[in-house]
Amino acid sequence: WVIRVVLLYASTYVLVSLSIDRYHAIVYPMKILIAVAWSLSFLFSIPTLVIFGKRHLANGEVQCWALWPDESYWLPYMMVVAFLVYFIPLAIIR
């Protein structure tokens, strides 16, 4: 008989919890998550300021290139970018 009383209270308070959750979702729609997303975007973009720069070509053109000490840096950089842009978000969304 106790379980019946517990179910009575539980069903009511689960509805209250869902109502509070929906209230926060409507009134404060992801403000914190959006701020975190933008902050991480700026943070992860900082290496671009260091790695990429202008390169003057022989024909006088100026292009943006990755300025590595040697080519061995390219693969680790692209792997980190792939994880930050694709694999980690995929794992979170999944």
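Residues numbered from 1 in each chain as written. Predicted model: local features only at pLDDT ≥ 70, side-chain atom pairs only at ≥ 80, totals over all residues. Heavy atoms only, no water.

**Let's talk about the UniProt feature "transmembrane region" (unreviewed entry) in the chain**
Step number 1: Sequence positions flagged by UniProt for "transmembrane region" (unreviewed entry) are, in local numbering, residues 32-53 and 73-93.
Step number 2: The distance from the first to the last C-alpha atom of residues 32-53 is 33 Å, and the span holds 91% helix and 9% strand.
Step number 3: The span residues 73-93 shows a helical share of 95% and a strand share of 0%, and its end C-alpha atoms are spaced 29 Å apart. (UniProt positions renumbered as here; feature names shortened; annotations may be inferred. Helix = DSSP H or I, 4+ residues; strand = E, 2+ residues; numbered from the N terminus.)

**Notes on the UniProt feature "domain: G-protein coupled receptors family 1 profile" (unreviewed entry) in the chain**
Step number 1: Within this structure's numbering, the places UniProt gives as "domain: G-protein coupled receptors family 1 profile" (unreviewed entry) are residues 1-94.
Step number 2: Across residues 1-94, the secondary structure splits into 71% helix and 11% strand, with the terminal C-alpha atoms separated by 41 Å.

**Describing the packing of aromatic side chains**
Step number 1: With the rule as written, the count across this model stands at 9 aromatic pairs.
Step number 2: Aromatic pair W74 and Y77: ring centres 6.0 Å apart, planes at 40 degrees, arrangement tilted. With W74 and Y77 both in helix α3 (residues 74-93) and 3 residues apart, the pair spans about one turn of that helix.
Step number 3: Ring pairs connect the aromatic residues F52, W68, Y73, W74 and Y77, which therefore count as one cluster.
Step number 4: One Lys or Arg, R55, reaches over the ring of W65 and ends 4.4 Å from the middle of that ring. (Phe/Tyr/Trp six-rings, centres within 6.5 Å; stacked < 30°, edge-to-face > 60°. Lys NZ or Arg CZ within 6 Å of the ring centre and 35° of its normal.)

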